[in-house]
Amino acid sequence: MTHKSPVTDINEDSLHVEAPETSAAGIKAVTVALQRSLEQAGPLRTARSLLRINQRGGFDCPGCAWPESDGRRKTAEFCENGAKAVAEEASVSAVTPEWWEAHPIAELEDKTDYWLSKQGRITEPVVLRPGDDRYHRISWSEAFELVGEHIRATTPDRCVFYTSGRTANETAFMYQLFARSLGTNNLPDCSNMCHESSGSALNPTIGIGKGTVSLDDIHHAELVFVVGQNPGTNHPRMLSALKECRDNGGRVVAVNPLPEAGLLHFKDPQTVSGYVGEGSTISDHFLQIRVGGDLALFQALGHLLLEEEKRAPGTVVDRAFIEAQTEGFEAYEAARATIDWEETERATGLSRLEIATIADLMAKSKATIMCWALGLTQQPHSVDTIREIINLLLLQGNFGKPGAGACPVRGHSNVQGDRTMGIWEKPKEWLLAALDKEFGIHSPREHGFDSTETLHAFENDDVDVFVALGGNFAQANSDTLALEAGMRRAGLTVHISTKPNRSHVVHGKTSLILPTLGRTDRDDKHPKGRQFLSVEDSMSMVHATQGRLEPISEHLLAEPVIVARMAVAALGDDHPVDWRAMAEDYDVVRDHISRVLPGFEDFNTRIRTKNGFVLPNPPRDTRTFATDIGKGRFTVAPLEYLEAPEGHLILQTVRSHDQYNTTFYGLDDRYRGIRDGRRVILVHPEDLAELGFEDRELVDVVSVFRGEKRRAERFRLVAYPTARGCAAAYFPEANGLVHRDLVARESNTPGFKAITVRFERHTPEGAEALAGQLS
Ligand SMILES: Nc1nc2c(c(=O)[nH]1)N[C@H]1C(S)=C(S)[C@@H](COP(=O)(O)OP(=O)(O)OC[C@H]3O[C@@H](n4cnc5c(=O)[nH]c(N)nc54)[C@H](O)[C@@H]3O)O[C@H]1N2
Ligand SMILES: Nc1nc2c(c(=O)[nH]1)N[C@H]1C(S)=C(S)[C@@H](COP(=O)(O)OP(=O)(O)OC[C@H]3O[C@@H](n4cnc5c(=O)[nH]c(N)nc54)[C@H](O)[C@@H]3O)O[C@H]1N2
Ligand SMILES: [Mo]
């Protein structure tokens, strides 16, 4: 049987291209956001939701994990994309069982996620049984019974429990407890595809897998690096913090292959100057690096800092700190003693002079912060690259002092909290022991599948039950065709979702869609009345979140209730964990958490305080490192970068300004000047000329990895000022090009920003080859 893929419902001829913008936010952002919200949610829900974002007693913005400015929240801590995320959820369009009856799978198969999510909020549970050609209504109790039956009919190691990072703390805690009670650590999450490389780099070097700065540190840093990040789109509130840093005399250095608008200028919509002119400068220096060249850059900076220290001893390197708190400095110093400048310039695409200018800034700075996001995490050598950042920070003692530290900027609004709650396929022994003691269960010790291993497991027919707590696994992961084929062979897929998405369409033999309340929805059908949940932001602040909107349907269940009822259905009534008590009253979950997880003592009291509380963070709090050696660790890695063979480029994938991961708000990418089209590849004009292609030409993209090819058809080339030798496309359209074995070493994160590609003029034969692969 030939399955369709959603290439076809976007008309590539509508594409408009203009010059990229050079500043982000401003009043335009406010109007765009309001307009979207009014269209989807109407005036009342718009007012109720937008005014409650990130306010005390309100809900945590589902947009991103950037922290709120505590104590002095503005009336509307506003950002265009946060507002769009809220509007998307507050939609009043309903996806009813009748809707599913009217739309057989064969019809949904060539719909994009843009179309699917535009249909609205799912109102009732639906099921698709073997042989069905569409989903039908099912009652909640029958749905849970079906989950229980399938889980009991197989072994725990053939069940997989995926989590997307919107999941709140209490839900995540119950969900991992469910998986472990059942007997599996198969707990892949979106973090595996996101910042896993950061955790893998940080844990062994600084003893914690999280950032070590507060918002106030950003405001008071002397120097902030923003590396591999597009804050204007993905963390717009970060721009206010960077502006404040600059207003206080700090400098900002941006490192990126693309001249992203938000890295250049910022118009603060809260101030008068945000309405006129170009806005404030954000970056003092912009290093237009080649994709994958950052390790070379950081090694060169290390070399130059050590050279400067030799010239003026005692001025650059924090010897007292290194002596007292770290190990491995001698080996690092030896490795950085020499440098091959020619190779460094080739790897980075930067000149020696540019690099030296930045080294000079660093040498003079007494408080430096390094921020980074996905530009560094999704390449084979990502973990080494991030460890090189840690080397630079250790070298100058940039831990545990104001204005200094490491700042991996997380993605999903609670992705960091989910890991804290135990969503991890490689749990530590102390966590399992604490769970066993608290609940009288016996947690499995064998490690489970991460997201990449889950993809392999699907391929090898090793998955009987796949449960997804949010997210869109089929689109988020790599090697789309292989993944979708594998998912279709699974016994049961269960999606706990707010809106329809592609993962519902590439369903298992039996498939359930369980609709749930979102962040903005009121959760009050409990014996003790209205409940609230909690989240942890990118800077380890834990605070409450509570929705206020009337749910779109009376049939929605809260996520903790769904998890509890699945657990009861699978584990039976005499299981030692009291699932019902937790589902009825989230304080019960928090009491358990307070006894299991360090830092959550007295959780129920502290979560009710004004701005919540901050979790312990040894590097930040006491300048100490809880690694196996009890010290911070310098590391040495060989130079590595991405080189494309003749006729090829290195392709990275990014988010447009109008999307939230696999959900699209629209088809525009305003800051980059792209409108009405997503199947584009941004290429430097000189690379286009060298490769013999023209701007706007229609091509098929062929990726190569270890001799294997993947093909994606019908992309428009767009001449764009990216770094030479590199190209950029949108996620998830390009995910099918990523071979499942193209991953970051150690973290196993897919190489979404390290794809070797070439272009071929689009021809009918190419299309046939693709159709062949699809069948
Ligand atoms: N509105 C909105 N907000 C979001 C999201 C969303 O989809 N929409 N997603 C959320 C999630 S889950 C996440 S993880 C974050 C993601 O936040 P980002 O990391 O900002 O997301 P990307 O769009 O992947 O952008 C990666 C950036 O890294 C650059 N880059 C690519 N390769 C390299 C490289 O080799 N070196 C360097 N130095 N830079 C490179 C790209 O040009 C781009 O600017 O955003 C979160 N916030
Ligand atoms: N090529 C490429 N691929 C990538 C990336 C990249 O940069 N490039 N980035 C990776 C990253 S960083 C991430 S985080 C992953 C994202 O992977 P996921 O987290 O799996 O994907 P999302 O698109 O965020 O999930 C959207 C779906 O979540 C559901 N949803 C929304 N809100 C809620 C809620 O409150 N509760 C529940 N239960 N469901 C909800 C909706 O049904 C929606 O369709 O993708 C990864 N994939
Ligand atoms: Mo992410």
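Keep in mind it's a predicted model, so treat the numbers as computed, not measured. (Residues numbered from 1 in each chain as written. Chains lettered and ligands numbered in written order. Predicted model: local features only at pLDDT ≥ 70, side-chain atom pairs only at ≥ 80, totals over all residues. Heavy atoms only, no water.)

1. Focus: the domain arrangement of the protein
Each assigned domain of the protein is listed here: domain 1 (94-193 + 414-612), domain 2 (196-409) and domain 3 (643-774). Once you take the C-alpha centre of each, domain 1 and domain 3 turn out to be 32 Å apart. With 22 residues of domain 1 in contact, the opposing surface of domain 3 contributes 24 residues. With both chains or domains summed, domain 1 and domain 3 bury close to 1800 Å², and 51% of this area falls on carbon and sulfur atoms. It is Tyr114, Asp479 and Leu481 in domain 1 that bury the most area against domain 3; as a group they hold 29% of the surface buried on that side. Seen at the junction of domain 1 and domain 3, the total is 3 salt bridges. Remark: the boundary between domain 1 and domain 3 carries 15 residue pairs in polar contact (both at pLDDT 80 or more). Of all the secondary structure elements, the ones that give two or more residues to the side of domain 1 that touches domain 3 are helix H5 (113-118), helix H21 (451-459), helix H22 (473-476) and helix H23 (480-489). In terms of residue count, H21 provides more of the side of domain 1 that touches domain 3 than any other element does, 5 residues in total. A per-class count over the side of domain 1 that touches domain 3 returns 6 nonpolar, 9 polar and 7 charged. (Domains from an automatic or database assignment. Contact = heavy atoms within 4.5 Å. Buried area = accessible area lost by both parts, 1.4 Å probe. Salt bridge = Lys/Arg side-chain N within 4 Å of Asp/Glu carboxyl O. Polar contact = N/O pair within 3.5 Å; in protein donor to acceptor, adjacent residues only side chain to side chain. Helix = DSSP H or I, 4+ residues; strand = E, 2+ residues; numbered from the N terminus. Nonpolar A, V, L, I, M, F, W, Y, C, P; charged D, E, K, R; others polar.)

2. What to know about the state of the cysteines
This model, assessed by the stated rule, comprises 0 disulfides. Unpaired in terms of disulfides, Cys407 finds its nearest cysteine sulfur in Cys371, a separation of 3.9 Å. Assessed through its relative accessible area of 2%, Cys407 is described here as buried. (Disulfide = S-S within 2.5 Å. Buried < 20%, exposed > 50% of the residue type's maximum accessible area, 1.4 Å probe, protein only.)

3. Thoughts on the sheet that holds strand S21 (residues 613-614)
If you trace the 3 strands from one edge of the open sheet to the other, you get S19-S20-S21, paired in antiparallel fashion. Two strands lie at the open edges of the sheet, namely strand S19 (533-536) and S21, each paired on one side alone. (Pairing = 2+ DSSP bridges.)

4. As for the nonpolar core
Membership of the largest hydrophobic core comes to 66 residues, with the highest contact counts inside it found for Phe161, Phe178, Leu512 and Trp579. The dominant element in this core, judged by the number of residues it contributes, is helix H25 (residues 559-571), at 10 residues. With near-sequence residues (within four places) excluded, Trp579 lies in contact with Met174, Leu177, Phe178, Ser181, Ala564, Ala567, Val568 and Leu571. Leu202, Phe321, Ala359 and Ala406 belong to the second largest nonpolar core, which has 47 residues in total. (Core = buried A, V, L, I, M, F, W, Y, C linked by side-chain atoms within 4.5 Å.)

5. Re the site of ligand 2
Taken together, 31 residues surround ligand 2, and among them Tyr162, Ala476, Glu559, Thr662 and Asn735 come closest. At 2.9 Å, a side-chain N or O of His412 approaches an oxygen atom of ligand 2. Contacts to ligand 2 include Asn735, whose side-chain N or O atom sits 2.7 Å from a nitrogen atom. Compared with its free state, where it exposes 930 Å², ligand 2 has 96% of that area covered by protein. Within the shell around ligand 2, the residues separate by chemical class into 10 nonpolar, 16 polar and 5 charged. (Near = heavy atom within 4 Å. Areas by Shrake-Rupley, 256 points an atom, 1.4 Å probe, with all protein chains shown as cover.)

6. Observations concerning the site of ligand 1
Around ligand 1, 33 residues are found, and the nearest of them are Asn256, Glu260, Gly292, Asp294 and Asn661. Taking Gln652, its side chain carries an N or O atom lying 3.1 Å from an oxygen atom of ligand 1. Arg655 is positioned such that a nitrogen or oxygen atom in its backbone is 2.9 Å from an oxygen atom of ligand 1. When ligand 1 is considered free in solution it has 920 Å² of accessible area, and contact with the protein chains removes 99% of it. Taken together, the elements giving at least two residues each to the shell around ligand 1 come down to helix H10 (231-234), strand S23 (649-654) and strand S24 (659-660). Tallied by class, residues from the shell around ligand 1 come to 12 nonpolar, 17 polar and 4 charged.

7. Overview of the sheet that holds strand S5 (residues 126-128)
Here 6 strands make up an open sheet; going across it, the order is S6-S5-S18-S17-S16-S7 and the pairing mixed. In the strand order of this sheet, the two ends are held by strand S6 (136-137) and strand S7 (159-163), each with one partner. With 6 bridges joining them, strand S17 (residues 492-497) and strand S18 (residues 510-515) adopt parallel strand pairing. Paired with Val494 across the strands is Leu512, a residue of S18. Sheet strands touched by helix H6 (residues 140-152): S5, S7, strand S16 (465-469), S17 and S18. Its angle to S18, the strand with the most contacts, is close to 135 degrees. (Axes fitted to C-alpha atoms, helices over the stretch in contact; angles between N-to-C directions.)

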